[in-house]
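# Coordinate inspection notes
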Amino acid sequence: MKTEYHPLVKRLLDGELMFADLPSELRAEAEQALRWVAALDRTPVALSARLDERVMAQVRRHAKSPAGRVWRWLLGSREIDIRFHVRPWALGFAAAAAVALVVVRPGLRTAPRSVPTYVRFIFYAPGARTVSVAGTFNQWNPAAAPLVPTTSPGVWTTTVALPLGQHQYAFVVDGMRWVPDPAAPTVDDGFGQRNSVVAVAAQDGGGRAL
Amino acid sequence: MRAAEPLSDGEVVHAILTGDVEQYAVLVKRYRDRYARYAARMLGSPDAAEDAVQDAFVRAFDQLAQCREPDKFAGWFFLILRNRCFAERRRSHRDARPLGMQDEAIAGPDRSDRHVERAEDRRALERALERLTPEQRDVFVLKHVEEMSYEEIAALTGASVPSLKMRMHRAYDRLRALLKELA
């Protein structure tokens, strides 16, 4: 038995073709495929009535925590004067290394939420077919910020505009492997993995990456 | 007397960000069940789904200031929940046992005699779905459990329709190979 479905059977599963549209030699394969899809469990899932209470108990704790206070400070509306600032990251890892450069446009004077702050991500991934950066700034969407290969073999880069605040991120290699930035600080993501962190904050006299 | 109009998501988010933390209960109540089935099918059990939904709500609260379109809180929350499911899948994938060594419990409670064949198919399918990548399982669940179109999935996740189709078609082939292995 082949292990790949015929393209027409895939289109049938996608709802783009009707069963009657298929040539007779594909109908046995199609029937088998439809049988599997029909077996899927689509019953609604009911969550515990106490879920709301548990969430709100955690939320109240977080709102009172020091981290919560920092979060509110970052939210606070302030007038700032951003000057040129570059943050070169150490690039010294033999196997894989990444660099994030934070570049704030010079001479801007505006409210924090509208400051275009450009973060350049550089990642060393020899042999990778695709690399992207996913984080809190793009809803962890691996397709939102692809890196492109540079003229240096194995080095990928992209630049992303970030709002002021703290951002967690990871590199996604070949669409599957999530790798924290080895040149950036990391935090526990709460799910047993590490996320890298870049923080862009307002500071008197200039923008600053923490 | 007319009943007061419920607050929009954007109004609720604004209230929370200006200090009324208790308003978050409105969003929790509004969206707690919307993606529960997705999480359960991604993670393999309602209990795991409940943990994921709870974690996602707490994380969404922590990151609420980064919700760029507060009136689209539901879609933004879904992406956080989805990321939580991906992280859990990646972790469990590392710990996964080989096919044929997994628990019967994966199949769920549907064991009535009239549906034995369907239940066996479902059991095999669940075991095969366990072996897909999180990205493949995600698009499969959204398409065939949540019964969304590619265009709807693209709008929700930000991925392009061609890339979703490619991922889906690879998932079909992978499932076929796994189901053959299980037969």
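These figures come from a predicted structure and were not determined experimentally. (Residues numbered from 1 in each chain as written. Chains lettered and ligands numbered in written order. Predicted model: local features only at pLDDT ≥ 70, side-chain atom pairs only at ≥ 80, totals over all residues.)

## Examining the overall build of chain A
- Summing up its helical and strand segments, chain A has 4 helices and 13 strands in all.
- For chain A, contacts bridging at least 24 residues in sequence account for 55% of all contacts bridging at least 6. (Helix = DSSP H or I, 4+ residues; strand = E, 2+ residues; numbered from the N terminus. Contact = placed C-beta atoms within 7 Å.)

## Some words on the overall build of chain B
- Counting its secondary structure elements, chain B contains 9 helices and 0 strands.
- Mapped in sequence order, the helices and strands of chain B form the string α-α-α-α-α-α-α-α-α.
- Burial statistics for chain B: of 183 residues in total, 42% are counted as buried.
- Of the contacts formed within chain B by residues at least 6 apart in sequence, a portion of 63% connects residues at least 24 apart. (Buried ≥ 20, exposed ≤ 12 C-beta atoms within 10 Å, placed from the backbone.)

## Observations concerning the interface of chain A and chain B
- Contacts between chain A and chain B engage 45 residues on the former and 54 residues on the latter.
- The set of elements that each furnish at least two residues to the side of chain A that touches chain B consists of helix H1 (7-13), helix H2 (27-38), helix H3 (51-64) and helix H4 (66-75) of chain A.
- Counting residues per element, the side of chain A that touches chain B draws most heavily on H3 of chain A, at 10 residues.
- Of the residues in the side of chain A that touches chain B, the class split is 23 nonpolar, 12 polar and 10 charged. (Nonpolar A, V, L, I, M, F, W, Y, C, P; charged D, E, K, R; others polar.)

## A few points about the environment of proline 182 of chain A
- Inspection of the secondary structure assignment puts proline 182 of chain A in the loop between strand S10 (177-179) and strand S11 (186-188).
- With 59 residues separating them along the chain, proline 182 of chain A and phenylalanine 123 of chain A place their C-alpha atoms 9.3 Å apart.

## Some points on the packing of H3 of chain A against helix H2 (residues 24-31) of chain B
- As a packed pair, H3 of chain A and H2 of chain B sit with axes 10 Å apart at the nearest point and diverge in direction by 145°. Classified by chirality, the crossing of H2 of chain B by H3 of chain A is right-handed. On the side of H3 of chain A, the interface is formed by Asp52, Val55, Met56 and Val59 of chain A, while H2 of chain B contributes Tyr24, Ala25, Val28 and Lys29 of chain B.
- Residue classes in the contact of H3 of chain A with H2 of chain B are distributed as 6 nonpolar, no polar and 2 charged. (Axes fitted to C-alpha atoms, helices over the stretch in contact; angles between N-to-C directions. Left-handed = near helix turned anticlockwise from the far one by under 90°.)

## Structural notes on the pairing of strand S8 (residues 155-162) of chain A
Residues and elements named next belong to chain A.
- Two strands pair when backbone bridges link them, and strand S5 (residues 117-124) and S8 are joined in this way by 8 bridges, in the antiparallel orientation. Among the inter-strand pairings, tyrosine 124 is bridged to a residue of S8, identified as valine 155.
- Two strands pair when backbone bridges link them, and strand S7 (residues 148-149) and S8 are joined in this way by 2 bridges, in the antiparallel orientation. Residue pairing across strands places valine 148 opposite threonine 157, the latter belonging to S8.
- Hairpin remark: S7 followed by S8, antiparallel, with 5 residues in the connecting loop; positive phi at glycine 154, about 85°. (Pairing = 2+ DSSP bridges.)

## Considering the confidence of the model for chain A
Residues and elements named next belong to chain A.
- Residues at a pLDDT of 70 or more form 69% of chain A, whose mean pLDDT is 74.
- Segment residues 75-114 is flagged for pLDDT under 50; beyond a separation of four residues in sequence, or across chains, it makes 85 contacts in the model.
- Segment residues 204-208: pLDDT under 50, and 17 contacts once partners within four positions in sequence are set aside and those in other chains are kept. (pLDDT = per-residue confidence, 0-100.)

## What about the nonpolar core?
- Ranked by internal contacts, the top residues of the largest apolar core, which has 59 residues, are Ala39, Ala52, Val53, Ala56, Phe57, Phe77 and Leu81 of chain B.
- Considering each element in turn, this core owes the most residues, 9 residues, to helix H5 (residues 73-95) of chain B.
- Leaving out residues up to four positions away in the same chain, phenylalanine 77 of chain B has contacts with Tyr31, Ala56 and Ala60 of chain B.
- Membership of the second largest hydrophobic core comes to 24 residues, among which are Val133, Phe137, Trp156 and Trp178 of chain A. (Core = buried A, V, L, I, M, F, W, Y, C linked by C-beta atoms within 7 Å.)

## Looking at the packing of helix H3 (residues 36-43) of chain B against helix H4 (residues 46-62) of chain B
Residues and elements named next belong to chain B.
- Two elements in contact, H3 and H4, have axes separated by 8 Å at closest approach and are oriented at 120°. What the angle tells us is that H3 and H4 run oblique. For the pair H3 and H4, the sense of crossing is right-handed. Across the interface between the two elements, Ala36, Ala39, Ala40 and Leu43 of H3 pack against Pro46, Ala48, Ala49, Ala52 and Val53 of H4.
- Looking at the contact of H3 with H4, its residues break down into 9 nonpolar, no polar and no charged. (Parallel < 35°, antiparallel > 145°, perpendicular 65-115°, else oblique.)

## So, unusual backbone geometry
All names here are of chain B.
- Phi at glutamate 147 takes a positive value of approximately 55°, unusual for a residue other than glycine.
- Examined against the element boundaries, glutamate 147 turns out to sit in the loop between helix H7 (134-144) and helix H8 (150-157).
- Glutamate 147 gets classed as exposed once you count the C-beta atoms within 10 Å, which come to 11.

## Observations concerning the environment of alanine 183 of chain B
- Among the structural elements, alanine 183 of chain B can be located in the segment after helix H9 (161-182).
- Along the chain, alanine 183 of chain B and alanine 124 of chain B lie 59 residues apart, while their C-alpha atoms are 8.2 Å from each other.

## Remarks on the confidence of the model for chain B
Residues and elements named next belong to chain B.
- Per-residue pLDDT for chain B has a mean of 84; in total, 84% of the residues score no lower than 70.
- Ranking the helices and strands of chain B by mean pLDDT puts H2 first, with 95, and helix H6 (residues 116-130) last, with 82.
- Ignoring residues within four places in sequence, the model shows residues 96-111, a span with pLDDT below 50, making 20 contacts including any to other chains.

## Brief notes about the pairing of strand S9 (residues 165-173) of chain A
Residues and elements named next belong to chain A.
- Of all the 9 residues making up S9, 9 are buried; the element is thus mostly covered by neighbouring parts of the structure.
- The side-chain alternation of S9 yields two buried faces, one formed by Gly165, His167, Tyr169, Phe171 and Val173 and the other by Gln166, Gln168, Ala170 and Val172.
- The pairing of strand S6 (residues 131-135) with S9 spans 5 bridges and is antiparallel. Across the sheet, valine 131 pairs through a bridge with valine 173, a residue of S9.
- Pairing of S9 with S10 involves 3 bridges; the strand directions are antiparallel. The partner of valine 173 across the bridge, within S10, is arginine 177.

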